[in-house]
Amino acid sequence: MKLTSRRARAIVVAIAAGSLALTGCSENKGSSSNKDSKKDQKEAASQSNAVVYADATASTGPAAEVPGAKPGGTIIAYQEAGLSHLDPGQIYVSDAGQVANLLFRGLTNFKEDGKGNVSVVGDLATDAGKSSDGGKTWTYTLKDGVKDQNGNEITSADIRHTVERTYAKFIFDGPTYLQNWLSGADYRAALPDGGFGKKHLPDTVLETPDEKTVVFHFDKARPDLPQTLAMPGYSVVPEKTDTKERYDKAPVATGPYKISEYKIGKALKLVKNENWDAKTDAVRHQYVDGWDFQFGVTESTQTKRLISDQGDAKSAIQFTGSVDSTQIQDVISNPAVNKRTIKGYQPYVMQLTFNLDRVKNKTVRDAVAYAMNSKSLIAGEGGAYGGDVAPNLFAPTLPGYEATYDPFGRLKTPQGNIAKAQELLKGVPAAEKKLVFAYSNSEAGQKRKVAVEDALKKVGIDVVAKEIDAASYYEQIGKLDNPYDVYITGWGQDWPSAGTVVTPIYDGDQVADGSSNYAHIKDPKVQELINKALTQEPTEAAKTWEEAHHYIMEKVNPAAPLWYTKQFQLFGSNVGGARYSTESSYIDVTQLFLKS
């Protein structure tokens, strides 16, 4: 999942057991110190635990009551950048993924116990799914009485429509796992109009024998399907009210809240969805009367307001933003304020991604990788509270993480190996030492720009910095014909499997407008290893993913690893139920209430 705002999501940046919206795309139950990287990484490893698939009992609502919870009031959510999308099919970034859990429901969802353990439960479905035929067939039965905000009951026809519309060309920014598994890499050709015409996917692929039953048929076992369907990008879109491209501005809710006002990039107000029934929902609550999202509030302003804890700020939270790096000491030195924080390790790897269509000289890419100053970048994120040096492209939350795999010597020279980079650039034509760097116009983006420019200029690279609106950042760099050479991206696993990292961002079949393959890497060897791993059992696959990881870094180098992200968020004193979400890597929005 893609990670937006300060923590680039992921997913990439909502992700099972530590994976936005990206997500593509979290932290852990929380580090008490955030100063000991080795300790933090050991805690992060708990997020690589296998997710449990729950039965009908665990999938039955209502969700367990939050101790001390009271009804009423409006939570204020501070957010710097606007949302990239609200159409579920377009959601693959972490901030929109957070909002999605308030507005939408899918066949399945992730459920947490507050101790770092995550399970997949039935959401619209009665359970996490029943597999047969060696895992190639999955059957879901819909719960009774689940309605959208207009009072229309959700049927299997709505699930079919939700799946089929992701084949349409106007859906370009969401996850593509399910489409690829059902119809192959060229899935759009199987249903060009996205099911809006007379043609539909055949029953041999997607079957809806009655109003309550949905059956997926795959050509090979797909054991991760329950986790895939829990992604915000596969939340239901009721067929009757689908407005295609316009749906992004006014989606229909199935979750506990619905939209009452939406001014893109300025404000979003949610009120209770009176047609949501807690008895059908094992995950969410509807304690507060509404949510007031305030966009354009910088992280420094968010932090100042929440530290002061005056007026409306008492009932406010940082939605996907984090404590401003320059004010971290003000937070941790004040016990009363520090008590109002959540902390944890995220699954995101921040990296400087190369556009391989433009930066074709691997020597230049290697030099840039050596030149990067992870220490300076992390300082801008809040130092030890904001992240750790990333020696490679796999996060500590991922199965198969190798803490000592460090092909660019990032751990030994976190400030960058200037001499090595300069040596590599000797003899490289001047034209190839000029790079167009795209950065977000957020506060964090500005800090990153300064650090990247400084590092590259030290080794003789001429940097042309181009600013991009934060809300559309991933959309702009996701265009195949974008005019940029390098850009910072962040990705977190969609569930605990290296396949949810390597496949979405390094699979040559995923090179397309809106794809997460931001480097545009198309390498036969990488393809071979991906195809091999996808047919193997997890233990065997882990070795293949490791081989792919090493090959990608050493033989291709599509991205320079920079840092692993941590989460550090503030909330007001009137906010109750605040806890860190292992799944989303942010404050758990499903548990919140106001104390008075």
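Here we summarise the structure given alongside this text. The structure displayed is predicted, hence computed values, not measured ones. (Residues numbered from 1 in each chain as written. Predicted model: local features only at pLDDT ≥ 70, side-chain atom pairs only at ≥ 80, totals over all residues. Heavy atoms only, no water.)

Take the sheet that holds strand E5 (residues 130-132) next. Pairing is antiparallel in the open sheet, where four strands are placed in the order E5-E6-E8-E7. In this open sheet, the two edge strands, each paired with only one partner strand, are E5 and strand E7 (206-210). When strand polarity is set aside, the average angle formed by the axes of neighbouring strands in this sheet is 20 degrees. For E5 and strand E6 (residues 137-141), the ladder comprises three bridges, and the chain directions are antiparallel. Across the sheet, the residue bridging to Lys130 is Thr139, located in E6. The strands touched by helix H3 (residues 156-165) within the sheet are E7 and strand E8 (213-217), with E7 carrying the most contacts at an inclination of about 165 degrees. (Pairing = 2+ DSSP bridges. Helix = DSSP H or I, 4+ residues; strand = E, 2+ residues; numbered from the N terminus. Axes fitted to C-alpha atoms, helices over the stretch in contact; angles between N-to-C directions. Contact = heavy atoms within 4.5 Å.)

Attention shifts here to the sheet that holds strand E11 (residues 290-295). Strand order in the open sheet formed by five strands is E9-E10-E11-E2-E12, and the pairing between neighbours is mixed. Pairing within the sheet leaves two strands with one partner each, and these edge strands are strand E9 (257-263) and strand E12 (316-318). Each adjacent strand pair in this sheet contributes to an overall mean axis angle of 20 degrees, direction not counted. Where helix H2 (residues 94-103) meets the sheet, its contacts fall on strand E2 (74-79), E9, strand E10 (267-272) and E11, and the angle it forms with E9 comes to roughly 135 degrees.

It is worth spelling out the environment of Ala465 at this point. Its location among the elements puts Ala465 in strand E16 (residues 462-468). In this structure the C-alpha to C-alpha distance between Ala465 and Leu435, which are 30 residues apart in sequence, comes to 8.4 Å. Excluding anything up to four places from it in sequence, Ala465 contacts Phe437, Tyr439, Lys449 and Glu453.

Our next topic: the pairing of strand E18 (residues 559-570). Burial of E18 is extensive: 12 of the 12 residues sit out of reach of the surface. Bridge analysis of strand E13 (residues 341-354) against E18 gives 10 bridges, and the strand direction is antiparallel. Each bridged residue has a counterpart across the sheet, and for Gly344 the counterpart in E18 is Gln567. When strand E14 (residues 387-389) meets E18, the two strands line up antiparallel, connected through three bridges. Looking across to E18, one finds that Asp388 is bridged to Tyr564. (Buried < 20%, exposed > 50% of the residue type's maximum accessible area, 1.4 Å probe, protein only.)

The next point concerns the packing of aromatic side chains. Within the structure shown, the criterion is met by 19 aromatic pairs. Taking 6.4 Å as the distance between ring centres and 15 degrees as the angle between the ring planes, the aromatic pair formed by Phe293 and Phe295 counts as stacked. Comparing Phe293 with Phe295, the two get one shared label, buried. Feature note: the residues Tyr140, Tyr177, Trp181, Phe216 and Phe218 constitute an aromatic cluster, connected by ring pairs. Positioned above the aromatic ring of Tyr247 is the side chain of Arg165, whose terminal nitrogen or guanidinium carbon lies 5.4 Å from the ring centre. (Phe/Tyr/Trp six-rings, centres within 6.5 Å; stacked < 30°, edge-to-face > 60°. Lys NZ or Arg CZ within 6 Å of the ring centre and 35° of its normal.)

Moving on, we get to the pairing of strand E3 (residues 108-112). When you tally the buried positions in E3, you get four out of five residues, the bulk of the element. Across five bridges, the pairing between E3 and strand E4 (residues 118-122) is antiparallel. Among the inter-strand pairings, Phe110 is bridged to a residue of E4, identified as Val120. Following E3, the chain reverses through five residues before pairing antiparallel with E4; Gly114 in that reversal takes a positive phi of roughly 80 degrees.

Looking only at helix H10 (residues 374-381), the buried set comprises Ser374, Leu377, Ile378, Gly380 and Glu381. The buried residues of H10 occupy one face: seen down the axis, they fall within an arc of 155 degrees. Those residues of H10 that are buried lie in contact with E14, helix H12 (443-458) and E18. At the N-terminal end of H10, a side-chain oxygen is found 3.2 Å from the backbone nitrogen of Lys375, two or three residues along, and the residue is Asn373. Note on H10: the residue one or two positions beyond its end, Gly382, has a positive phi of about 115 degrees. (Arc of directions from axis to C-beta. Polar contact = N/O pair within 3.5 Å; in protein donor to acceptor, adjacent residues only side chain to side chain.)

In this section: the side chain of Arg410. Here Arg410 lies in the loop between E14 and helix H11 (418-425). Asp406 provides the closest opposite charge to the buried, unpaired Arg410, separated from it by 6.0 Å. Polar contacts involving the side chain of Arg410 include one to the main-chain carbonyl oxygen of Met372, which spans 3.4 Å. Excluding its chain neighbours within four sequence positions, the residues that come into contact with Arg410 are Ala369, Tyr370, Met372, Ser374, Val389, Ala390, Pro391, Ala560 and Pro561. (Lys, Arg positive; Asp, Glu negative; His and termini not counted. Salt bridge = Lys/Arg side-chain N within 4 Å of Asp/Glu carboxyl O.)

The next point concerns the pattern of salt bridges. One pass over the full model with this rule turns up 26 salt bridges. We note a salt bridge from Lys269 to Asp292, for which the minimum N-O separation is 3.3 Å. One end of the pair, Lys269, is in strand E10; the other, Asp292, is in strand E11, with 23 residues separating them in the sequence. Owing to a relative accessible area of 16%, Asp292 belongs among the buried residues under this scheme. Between Asp388 and Lys566 there is a salt bridge whose closest N-O contact spans 3.3 Å.

Here helix H14 (residues 499-506) crosses helix H15 (residues 524-533) at 140 degrees, and the two axes come no closer than 11 Å. The element H14 and its partner H15 pack so that their crossing is left-handed. Facing Val502, Thr503 and Tyr506 of H14, the residues of H15 in contact are Val526, Gln527 and Ile530. When grouped by side-chain class, the residues that make up the contact of H14 with H15 number four nonpolar, two polar and no charged. (Left-handed = near helix turned anticlockwise from the far one by under 90°. Nonpolar A, V, L, I, M, F, W, Y, C, P; charged D, E, K, R; others polar.)

Take unusual backbone geometry next. At the junction of Gly61 and Pro62, the peptide bond is cis and its omega measures out at 0 degrees in the coordinates. The residue Pro62 is located in the loop between strand E1 (52-53) and E2 in this model. Notably, Asp133 is not glycine yet its phi reads approximately 55 degrees, a positive angle. Looking at where Asp133 falls in the secondary structure, it is placed in the loop between E5 and E6. Overall, the relative accessible area of 52% leaves Asp133 in the exposed class. The backbone of Ser585 shows a phi angle near 75 degrees, a positive value even though the residue is not glycine. Mapped onto the elements, Ser585 comes out in the loop between strand E19 (575-576) and strand E20 (593-594).

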